[in-house]
Amino acid sequence: MPLERSRAFAPGRVNLIGEHTDYNQGLALPFAIGPGVTVCAATWPPGSPGEQRVSVYARDLDERDEFPLTEPAPAPGWRAFARGTVGELTRAGFPLVGARLQITGELALGAGLSSSAALEVALCLVLSELGSRACPDRARTATRLDVARLCARVENEWVGAQTGLLDQLASLYGAPDTALRIDFRTLDIEPVPLRLGDWRLVLLDSGERHVHASSGYNERRDECAQACRRLGVESLREARAEAIAGLPEPLRRRALHVFEENQRVIEAVCALRADDLETIGRLLNASHRSLRDNYEVSTPAVEDAADRLLGAGASGARLIGGGFGGNVLGLFGPGVQLPAGAYEVRPGAGAHLLES
Ligand code: GLA
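Every value quoted in this text rests on a predicted model; they were computed, and no experiment measured them.

A few words on the site of the ligand. Close to the ligand lie 13 residues; E19, H20, D22, D167 and Y217 are nearest. Measuring from an oxygen atom of the ligand, one finds a side-chain N or O atom of D22 at 2.6 Å. Y217 is positioned such that a nitrogen or oxygen atom in its side chain is 2.5 Å from an oxygen atom of the ligand. Starting from 310 Å² of accessible surface for the ligand in isolation, the protein chains cover 98%. In the shell around the ligand, the residues fall into 3 nonpolar, 6 polar and 4 charged.

This part takes up the pattern of salt bridges. Inspection of the entire model under this criterion finds 28 salt bridges. R13 serves as the salt-bridge partner of D167, at 2.9 Å between the closest nitrogen and oxygen. Within this pair, whereas D167 is found in helix α4 (residues 166-173), its partner R13 is found in strand β1 (residues 5-15), the two being separated by 154 residues in sequence. Both residues of the pair, D167 and R13, belong to the buried class. Taken together, the salt bridges that share partners define one network made up of E219, R220, E223, E249, R252, R253, R254 and E296.

This brings us to the nonpolar core. Ranked by internal contacts, the top residues of the largest apolar core, which has 80 residues, are L16, L29 and L101. For this core, the leading source of residues is helix α2 (residues 115-134), giving 11 residues. Contact partners of L101, with chain neighbours within four places excluded, come to V39, C40, A41, V54, S55, V56, Y57, L123, V126 and L127. Counting 28 residues, the second-largest nonpolar core is a separate cluster that includes Y23, C224, A317 and A342.

About the criteria used
- Residues numbered from 1 in each chain as written.
- Predicted model: local features only at pLDDT ≥ 70, side-chain atom pairs only at ≥ 80, totals over all residues.
- Heavy atoms only, no water.
- Near = heavy atom within 4 Å.
- Polar contact = N/O pair within 3.5 Å; in protein donor to acceptor, adjacent residues only side chain to side chain.
- Areas by Shrake-Rupley, 256 points an atom, 1.4 Å probe, with all protein chains shown as cover.
- Nonpolar A, V, L, I, M, F, W, Y, C, P; charged D, E, K, R; others polar.
- Salt bridge = Lys/Arg side-chain N within 4 Å of Asp/Glu carboxyl O.
- Helix = DSSP H or I, 4+ residues; strand = E, 2+ residues; numbered from the N terminus.
- Buried < 20%, exposed > 50% of the residue type's maximum accessible area, 1.4 Å probe, protein only.
- Core = buried A, V, L, I, M, F, W, Y, C linked by side-chain atoms within 4.5 Å.
- Contact = heavy atoms within 4.5 Å.

Any functional reading would require information beyond the geometric quantities listed.
Right under this line is the structure:
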C-alpha cells in the first residue's frame, strides 16, 4: 500500500445562548470560532511492523499513545479520544488502516470552548478519510450528522461525559458570520446571520478548568432525567410551566432554567434578525443569572470574570458551555474599551479536511 496522508481541522465553538438545553431536546444558538484542533495522519511505511497499530503524538502536551487498530482498550484522559474514535468508526463499519497521528490545538482544555468535540471531529474526519483512501472499494460516506453522533458516542462511552450534540454540531456546521439555531428535538439546523457591525463578542477566561466527566455535569443531566420522570414527559422540551412549578427543589429550578432558556433562544434569533444587539445583551445577562441561580453551574472565578466584563461596560455577559469554570462571553457595544485579558471572537468556518 502506498503511503497515504490526510489532515483535518475542527474548530471550537461559542454558544451564544441556549445552555444545557441540548440533552433536553431544546434549542441552542452556537457558532464555530477560529481556533480549533488540527490532526495530521499518515499510514505506516509499507512493511513496517506497526502497520496494524495507531500511534498518537499530542504535540501540545508532548505525550504519546499507541494501541492496536482492532479493539483498542479504553484509557483515561486525552488518550480516550483517539482510542474511542477508532473504536466507534470500526463499530460503524468504516474501513480503517493503521496510522501515525499528530494532534495540535489552539484551544485551552476544559475552558468551555469545546476542545473535546474539536478533537473528536478532527480525528473522525482524518481517520475516515485515510481509511477510504487506503481501501476505496470499502469506502463509506457519512453525513455531518452521522459524524456528530459518532463523536458524541466517543464522548459518552469512552470519555465518560454524558454530553449532548451541541459542540459537535457547532464544530461541523459552523460558517463565517453565522450562528446556528439548532433544534435538538428534530435536529434541524438553521443558519442565522450574526451581523455584529461595530459590536464585539469577546471571551474572558476565568482561569478555572473543568472536566465534564467529573464536574457536576453528569449530575445535572441526571436531575433533568428525574424531573422528566416526575412530570411524565419524555424530555424537558415538553414540560409545561405550571407542572414545573410543582416539582421539588432543586428539580424545579433545573427544569425552569431549561424552559426559560429555550424561550431566550427564540427571542435571540428574533433579535439577531432585527440587528437588535441590545436585546442580545439583555438575554445574555438573563441566561447567566439562570445558570448561576437555577442551574447552579457557576463558580466564584466565573462570577469574577462576568463582573469584570460588566464592570468594563459589556452590554451582557454569561458563562458558556457546561459551566464549573472556563470562559465567560461578553458583548460590547461600539467604542467600549475591553478589559485586560479579553479577546474578540468571530463566527468562523466549520470542520474540514486540509490539503495534506
Ligand atoms: C457542554 C456539553 C454540551 C452542552 C453544554 C451545555 O459543552 O458538551 O453538550 O450540554 O455543555 O450547554
